[in-house]
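Take a look at the letters that make up each chain.
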Amino acid sequence: QVQLVESGGGLVQAGGSLSLSCAASGSIFSINDMGWYRQAPGKQRELVARITYGGVTNYADSVKGRFIISRDNAKKTVHLQMDSLKPEDTAVYYCNVLVVTTARVWLDYWGQGTQVTVAS
């Protein structure tokens, strides 16, 4: 009943930029926190950035000053603008959304993941 569709990602040279988007749809009453996580080969998933309904943001120390998370509540989307990309940013990026469904149930959803590769 709730779907997340990610877009963006791809191959970019070090120092370049990419923008990721994640759109939620389905039986949604409201969307609370939204965020981005990433997982590199052989490593565990880690938080990249999160944003609350009120727009309060949190970033991993490794991306502060380089990435910006934003949301559009009308479009039920969350974005991640990534600038000054480094090879260590290479990972699969996953959108995560905390949703209150129309049945008033709190549920956590994940996007399908999108590959970001930063070449040196």
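Model, not experiment: these values are computed from the prediction. (Residues numbered from 1 in each chain as written. Predicted model: local features only at pLDDT ≥ 70, side-chain atom pairs only at ≥ 80, totals over all residues. Heavy atoms only, no water.)

## Digging into the state of the cysteines
Within this structure, the stated rule accounts for one disulfide. One disulfide bridge connects cysteine 22 with cysteine 95, the sulfur atoms lying 2.2 Å from each other. Around the S-S axis, the bridge from cysteine 22 to cysteine 95 shows a dihedral of about -80° and counts as left-handed. Of this pair, cysteine 22 sits in strand β3 (residues 18-26) while cysteine 95 sits in strand β9 (residues 91-101), and the two are 73 residues apart along the sequence. Here cysteine 22 and cysteine 95 have matching classes, each one buried. (Disulfide = S-S within 2.5 Å. Helix = DSSP H or I, 4+ residues; strand = E, 2+ residues; numbered from the N terminus. Buried < 20%, exposed > 50% of the residue type's maximum accessible area, 1.4 Å probe, protein only.)

## Thoughts on unusual backbone geometry
Leaving glycine out, the prevailing phi sign among residues is negative, and the prevailing peptide bond configuration is trans. The phi dihedral of lysine 76 falls on the positive side, at around 55°, and the residue is not glycine. Mapped onto the elements of the fold, lysine 76 is located in the loop between β7 (67-72) and β8 (77-82). Judged by relative accessible area, lysine 76 falls into the partly exposed class, the value being 31%. Phi at arginine 104 takes a positive value of approximately 65°, unusual for a residue other than glycine. Given the relative accessible area of 52%, arginine 104 is considered exposed.

## Notes on the packing of aromatic side chains
In total, this model carries one aromatic pair according to the counting rule given. Over the face of the ring belonging to tyrosine 37 we find arginine 45, whose NZ or CZ atom lies 5.5 Å from the ring centre. Lying over the aromatic face of phenylalanine 29, arginine 104 brings its terminal NZ or CZ to 3.8 Å of the ring centre. (Phe/Tyr/Trp six-rings, centres within 6.5 Å; stacked < 30°, edge-to-face > 60°. Lys NZ or Arg CZ within 6 Å of the ring centre and 35° of its normal.)

## Thoughts on the pattern of salt bridges
Under the definition given, this model contains four salt bridges. One salt bridge in this structure joins arginine 38 and glutamate 46, with 2.7 Å as the shortest N-O distance. On the accessibility criterion, arginine 38 (5% relative accessible area) is buried. We classify glutamate 46 as partly exposed; its relative accessible area is 35%. For the salt bridge of aspartate 89 with arginine 66, the shortest nitrogen-to-oxygen distance reads 2.7 Å. Of this pair, aspartate 89 sits in the loop between β8 and β9 while arginine 66 is found in the loop between β6 (57-59) and β7, placing the two residues 23 residues apart along the sequence. Assigned by exposure class, aspartate 89 and arginine 66 land together as buried. Each of Arg38, Glu46, Arg66 and Asp89 takes part in one network of salt bridges that share partners. (Salt bridge = Lys/Arg side-chain N within 4 Å of Asp/Glu carboxyl O.)

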